[in-house]
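# Coordinate analysis (summary)
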Amino acid sequence: DAGITQSPRHKVTETGTPVTLRCHQTENHRYMYWYRQDPGHGLRLIHYSYGVKDTDKGEVSDGYSVSRSKTEDFLLTLESATSSQTSVYFCAISLQGGDEKLFFGSGTQLSVL
Amino acid sequence: AQKITQTQPGMFVQEKEAVTLDCTYDTSDQSYGLFWYKQPSSGEMIFLIYQGSYDEQNATEGRYSLNFQKARKSANLVISASQLGDSAMYFCAMREGNTGGFKTIFGAGTRLFVKA
């Protein structure tokens, strides 16, 4: 168990509202990632972090921002949610070294109406 | 650009038979890692197997093996003796080379149905 908690687990919001998803880890791992999962697309990387205040864009970063002010928390913000951002969002971490496999949180189901 | 392709949206296999799930990748990096993950209907993502680009032997983990053909850029997952519990979505993934962050990208997935 890599100690990853995502919150909230489910959220319904309206178009144009800001939304923040939280990923919390208890193991002090350096690398953290946000993915979205959509049918036919698999998992697509939104943003990732390789340390406190060190973040970079992934494949589908438009409309999303992230922050990591401390090792254990990685926040994903939708500044103004759109219906195209309705998705399942997964947070993941990877260990330093080793085979860099990902450990995933349980996911957040976000619906933007 | 790095890319993962899984050409089989769905696959059926009879219980106790072997099945191969296809995965091809594209990268210009010399150092990379290849992974397979399983996602059952409950939604969690489960790591199955890993192959490093410099590993000469195919990776094996119990009933899972990864058929790594580097020249063809393929990393197929072989499940031997399929079980009903193997019914799930399977994702092939690639960790890009030693750039900052060790980004991992995924294919679109293959849904496997195991028939009794």
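Reference entry: report on the structure contained in this document. (Residues numbered from 1 in each chain as written. Chains lettered and ligands numbered in written order. Predicted model: local features only at pLDDT ≥ 70, side-chain atom pairs only at ≥ 80, totals over all residues. Heavy atoms only, no water.)

On to the overall build of chain A, then. Counting secondary structure elements, chain A contains zero helices and eleven strands. A compact globule built from 113 residues would reach a C-alpha radius of gyration of about 13 Å, and chain A, at 13 Å, matches this within 12%. If one aligns the C-alpha atoms of chain A with their principal axes, the spans along those axes are about 40 × 30 × 25 Å. Among the 113 residues that make up chain A, the fraction classed as buried is 47%. Across chain A, every contact between residues at least 6 apart in sequence was considered, and the portion connecting residues at least 24 apart equals 54%. Summing over all exposed atoms, chain A offers an accessible surface of approximately 5200 Å²; the carbon and sulfur share of this is 46%. Taking the 11 positively charged and 13 negatively charged side chains of chain A as two groups, their mean positions are separated by 3 Å. (Helix = DSSP H or I, 4+ residues; strand = E, 2+ residues; numbered from the N terminus. Rg over C-alpha atoms; globule rule 2.2 N^0.38 Å. Buried < 20%, exposed > 50% of the residue type's maximum accessible area, 1.4 Å probe, protein only. Contact = heavy atoms within 4.5 Å. Areas by Shrake-Rupley, 256 points an atom, 1.4 Å probe, with all protein chains shown as cover. Lys, Arg positive; Asp, Glu negative; His and termini not counted. Charge placed at Lys NZ, Arg CZ, Asp CG, Glu CD.)

Here we take up the pairing of strand S12 (residues 110-115) of chain B. Residues and elements named next belong to chain B. The alternating pattern of S12 places Thr110, Leu112 and Val114 on a buried face and Arg111, Phe113 and Lys115 on a face that is not buried. Here five bridges tie strand S2 (residues 10-14) to S12, and the two strands are oriented parallel to one another. Across the sheet, residue Phe12 finds its bridge partner in S12, namely Phe113. Sheet topology note: the strand S10 (residues 88-95)/S12 ladder contains three bridges and is antiparallel. Bridge pairing links Tyr90 to Thr110 in S12. (Pairing = 2+ DSSP bridges.)

Where a protein is soluble and globular, its nonpolar side chains tend to be buried together. Membership of the largest hydrophobic core comes to 26 residues, with the highest contact counts inside it found for B:Leu21, B:Tyr25, B:Trp36, B:Ile49, B:Leu77, B:Tyr90 and B:Leu112. A per-element tally of this core places S10(B) first, with four residues. Judged by nonpolar contacts, the second largest core, of 19 residues, contains A:Leu102, B:Phe35, B:Met45 and B:Met89. (Core = buried A, V, L, I, M, F, W, Y, C linked by side-chain atoms within 4.5 Å.)

This part is about the state of the cysteines. In this structure the tally under the stated criterion is two disulfides over all chains. Linked covalently through their sulfurs, A:Cys23 and A:Cys91 form a disulfide whose S-S length is 1.9 Å. Judged by the sign of its S-S torsion, about -70 degrees, the bond between A:Cys23 and A:Cys91 is left-handed. One end of the pair, A:Cys23, is in strand S3 (residues 19-25); the other, A:Cys91, is in strand S9 (residues 87-94), with 68 residues separating them in the sequence. We note that A:Cys23, like A:Cys91, is buried. One disulfide bridge connects B:Cys23 with B:Cys92, the sulfur atoms lying 2.0 Å from each other. Taking the sign of the S-S torsion, about -65 degrees here, the bridge from B:Cys23 to B:Cys92 comes out left-handed. Residue B:Cys23 is found in the loop between strand S3 (19-21) and strand S4 (24-26), and its partner B:Cys92 is found in strand S10; the two are separated by 69 residues along the sequence. In this pair, the class of B:Cys23 matches that of B:Cys92, namely buried. (Disulfide = S-S within 2.5 Å.)

So, about the interface of chain B and chain A. Each partner contributes residues to the interface: chain B has 18 residues there, and chain A has 19 residues. Carbon and sulfur atoms make up 62% of the surface buried where chain B meets chain A, a total of about 1600 Å² over both sides. One can count zero salt bridges joining chain B with chain A. Counting the contacts that link chain B with chain A gives three residue pairs in polar contact (both at pLDDT 80 or more). Contributions of two or more residues to the side of chain B that touches chain A are made by strand S5 (33-39), strand S6 (46-52), S10 and strand S11 (104-106) of chain B. (Buried area = accessible area lost by both parts, 1.4 Å probe. Salt bridge = Lys/Arg side-chain N within 4 Å of Asp/Glu carboxyl O. Polar contact = N/O pair within 3.5 Å; in protein donor to acceptor, adjacent residues only side chain to side chain.)

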